[in-house]
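# Structural features, examined
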Number of protein chains: 2
Amino acid sequence: MENTITDSIKITPITTSKLDKVDFDNLSFGKTFTDHMFECDFKDGVWQTPQIKPYGPLTIDPSARVFHYGQAVFEGMKAFKDDKGDVFLFRPKDNFNRINISANRLAIPSFPEQYFMEGLKQLLKIDEKWIKSGAGNSLYIRPFVIATQACVSAAEANEYKFMIICSPAQAYYVGDVSVLIAEKYSRSANGGVGYAKAAGNYAAQFYPTNLAKKEGYQQVIWTDADTHEYMEEAGTMNIFFRINDTLLTAPISDRILDGITRKSLLEIAEKEGIATEVRPIKVNEIVKAAEDGGLKEMFGAGTAAVISPIKAFGYKGNHYEIKRPEKAFASHLKKALMDIQYNLTEDPYGWRVKL
Amino acid sequence: MENTITDSIKITPITTSKLDKVDFDNLSFGKTFTDHMFECDFKDGVWQTPQIKPYGPLTIDPSARVFHYGQAVFEGMKAFKDDKGDVFLFRPKDNFNRINISANRLAIPSFPEQYFMEGLKQLLKIDEKWIKSGAGNSLYIRPFVIATQACVSAAEANEYKFMIICSPAQAYYVGDVSVLIAEKYSRSANGGVGYAKAAGNYAAQFYPTNLAKKEGYQQVIWTDADTHEYMEEAGTMNIFFRINDTLLTAPISDRILDGITRKSLLEIAEKEGIATEVRPIKVNEIVKAAEDGGLKEMFGAGTAAVISPIKAFGYKGNHYEIKRPEKAFASHLKKALMDIQYNLTEDPYGWRVKL
Ligand SMILES: Cc1ncc(COP(=O)(O)O)c(C=O)c1O
Ligand SMILES: Cc1ncc(COP(=O)(O)O)c(C=O)c1O
């Protein structure tokens, strides 16, 4: 088995690269794509021969189920290049596992591990020049699956397309953000699909986020839909709090994504002797800590930004500022994680995977 | 304004119709499409000139936001033909209003009423031969909007495509169904998007529905995500109960779709002197009524099937059969509604709209 799949990826290279036309110093996130893409169709009950081919538009029926019933899941991961030109992935197996966890919840057939890993590696090899070395530079990788079957009855599809597209990226967020704690809207329900990277979870957040923006906040921190009393996560990031010298984050659940950055930061913190607590976190506890000065930090954690420090939050009409401490966990942990990602340090965890 | 839009729809007719090739006696729901489709793009902040053109595949970037963030909403409506060959729509204004309510919740720009109505009418005119007269025959109409902007950052799109596609239909469901009352999984949260016809709401239901199917049930009846104590709705239908001679249905909320069939049935029932109650309905109340014989009927209500009688339900490992009464509300109300839809009777409500 091991080799048959590698051999069988059908590769159609581009004739002329777009690489020269890209201004790598002025990349807007997620808008520029590399020369090639990986594509694999599910049909007649099996995943067909995978292909790597020139990046370009899909031809898809207007009745494709993805447009009507939202059967779509995705992943977000990155490739990093060190100064010697070696390329590394960060915990790619976890992304592979997670896309199938998401797929399973949305009644999408599992994608085979070898197709995923080999597809990824060969795609990165053919587009290797698109990966720039240097801090903050990376190649953002977007594996995703969509239901392509042409049928508008509300049931799962029997045809799908698995794809990997790649986009060169600089740092995602600029500056510290202000967030609004959700009091009315919610992101996910018990027994719902919040733990999956399901496309529909994201569309549901834009409107409430726009309302937050009107009040001067860039992001919403979601709370539990039942009571809005507990902190859950941000739109594309898990969320951490530092109260005095303890690092807090909510446990994952069927409402919260099992973020790879989140669990990596927890491991690093533990290894470095930072006290961590993974437990339900009441909004009131954070408000109280903000008031009495115990709340030293608050930050989001996710692949795109690694860590995104939060400088203020709004809740019930009040605005709370968080003064960044001199020795912030955020900057320390971010550096520790990025040093591993960029091959600038040892990787005692075995997270780095060389291409 | 009134006429400019009508005039401005750009029409490209097909050269050869597919009509002859369709077996109208053996239609599988949602798989056959008429000769034409309506398409209108949102770009540079405005909806562009609408088009009616041959039904065919879209060319769409793999990074189109609909694939990644699920920004997609839809409607489901029907056109009916009477024996004289006149064509009727049923409360089309309500579908128009609802697609914009859904769009608003998903941060999708509103579609103009005149484009919707004129697009619909002209599309039906050009494909009129696809609408067959006779009970149960109809043309299922699917307006929908998808985010087409090529960008994989998690934010609302600035480019969209509004479309209407049509599929000839016979009766949707066959026979009475058995349903499972949800105890663990859920469809929507308070503060979520359950009241919107958002694509992602549907994908989330397939997996739990498959589990129900393994236990011999065809559909799931969703309960509230907090407690699972209250009846909400089915996957694509609102739900009614008859206890003795009273017709019950849950009130709409931010978790429940404001179904057009539901509200029409309520109006008809009230006009005909059937006692109705719109109030939260405890699962336990229904279980008790099933046990003591008070539960006479249970049925789903939606555009596709009009009314779908439920013959049994499962809950907490128990199975409850419902014996169809001789004079069922379900059959009576279904006939009353369809008689209006097919122009077989007066329409005191003003619901029927002649093409
Ligand atoms: C909802 C949500 N939470 C958290 C995260 C962070 O997860 P990860 O660290 O694996 O990128 C993401 C982004 O991937 C996300 O979409
Ligand atoms: C979730 C949901 N509930 C109820 C309905 C029934 O609504 P309507 O009667 O307007 O078709 C539908 C289908 O449209 C639906 O998708």
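The name an unreviewed UniProt entry assigns to chain A is Branched-chain-amino-acid aminotransferase, from the organism Aquimarina intermedia.

Another aspect to go through is the interface of chain B and chain A. Interface size is commonly expressed as the accessible surface area that is lost when the partners come together. Facing the 62 residues of chain B at the interface are 62 residues of chain A. Note on chain B versus chain A: buried area summed over both sides is about 4900 Å², and carbon and sulfur give 63% of it. Counting the surface chain B buries against chain A, the share from its top three residues, Pro62, Phe67 and Phe206 of chain B, is 14%. Where chain B touches chain A, the interface holds zero salt bridges. For the pair chain B and chain A, the number of links is 22 residue pairs in polar contact (both at pLDDT 80 or more). Sorting the residues of the side of chain B that touches chain A by element identifies strand E5 (58-60), helix H2 (65-69), strand E6 (72-74), helix H3 (92-105), strand E9 (138-147), strand E10 (160-169) and helix H5 (199-214) of chain B as the ones contributing at least two each. Of all the elements, H5 of chain B adds the most residues to the side of chain B that touches chain A, at nine residues. Grouping the amino acids of the side of chain B that touches chain A by side-chain chemistry returns 37 nonpolar, 18 polar and seven charged. Both strand E5 (residues 58-60) of chain A and E5 of chain B contribute to a ladder of three bridges, which runs antiparallel. Along E5 of chain B, the bridge assignment pairs isoleucine 60 of chain A with leucine 58 of chain B.

Here we come to the domain arrangement of chain A. Residues and elements named next belong to chain A. The domain architecture assigned to chain A consists of domain 1 (3-169) and domain 2 (177-341). Using only C-alpha atoms to locate each centre, domain 1 and domain 2 end up separated by 28 Å. Listed by partner, the interface residues are 19 residues for domain 1 and 22 residues for domain 2. For the pair domain 1 and domain 2, the summed buried surface comes to about 1800 Å²; carbon and sulfur atoms form 62% of the total. Broken down residue by residue, the surface that domain 1 buries against domain 2 is led by Phe90, Arg98 and Arg105, which jointly contribute 34%. Summed over the shared surface of domain 1 and domain 2, the result is one salt bridge. Across the domain 1-domain 2 interface, the total number found is ten residue pairs in polar contact (both at pLDDT 80 or more). Of all the elements in the fold, those that place two or more residues in the side of domain 1 that touches domain 2 are strand E6 (72-74), strand E7 (77-81), strand E8 (87-90) and helix H3 (92-105). If you tally residues by element for the side of domain 1 that touches domain 2, the top one is H3, at six residues. For the side of domain 1 that touches domain 2, the class distribution of residues is nine nonpolar, four polar and six charged.

Quick look at the relation of the copies chain B and chain A now. Between the two copies, chain B and chain A, the superposition gives an RMSD of 0.0 Å; the rotation angle is 180° and the shift along the axis is 0.0 Å. Put plainly, the chains are arranged around a two-fold axis. Ranked by how close their C-alpha atoms come to the rotation axis, the residues of chain B are headed by glycine 200 of chain B, at 2.1 Å. With an isologous cut-off of 70% or more, the 100% of interface residues of chain B that recur at the interface of chain A puts this contact in the isologous class.

Quick notes on the rules
Residues numbered from 1 in each chain as written. Chains lettered and ligands numbered in written order. Predicted model: local features only at pLDDT ≥ 70, side-chain atom pairs only at ≥ 80, totals over all residues. Heavy atoms only, no water. Contact = heavy atoms within 4.5 Å. Buried area = accessible area lost by both parts, 1.4 Å probe. Salt bridge = Lys/Arg side-chain N within 4 Å of Asp/Glu carboxyl O. Polar contact = N/O pair within 3.5 Å; in protein donor to acceptor, adjacent residues only side chain to side chain. Helix = DSSP H or I, 4+ residues; strand = E, 2+ residues; numbered from the N terminus. Nonpolar A, V, L, I, M, F, W, Y, C, P; charged D, E, K, R; others polar. Pairing = 2+ DSSP bridges. Domains from an automatic or database assignment. Least-squares fit on C-alpha atoms with pLDDT ≥ 70 in both.

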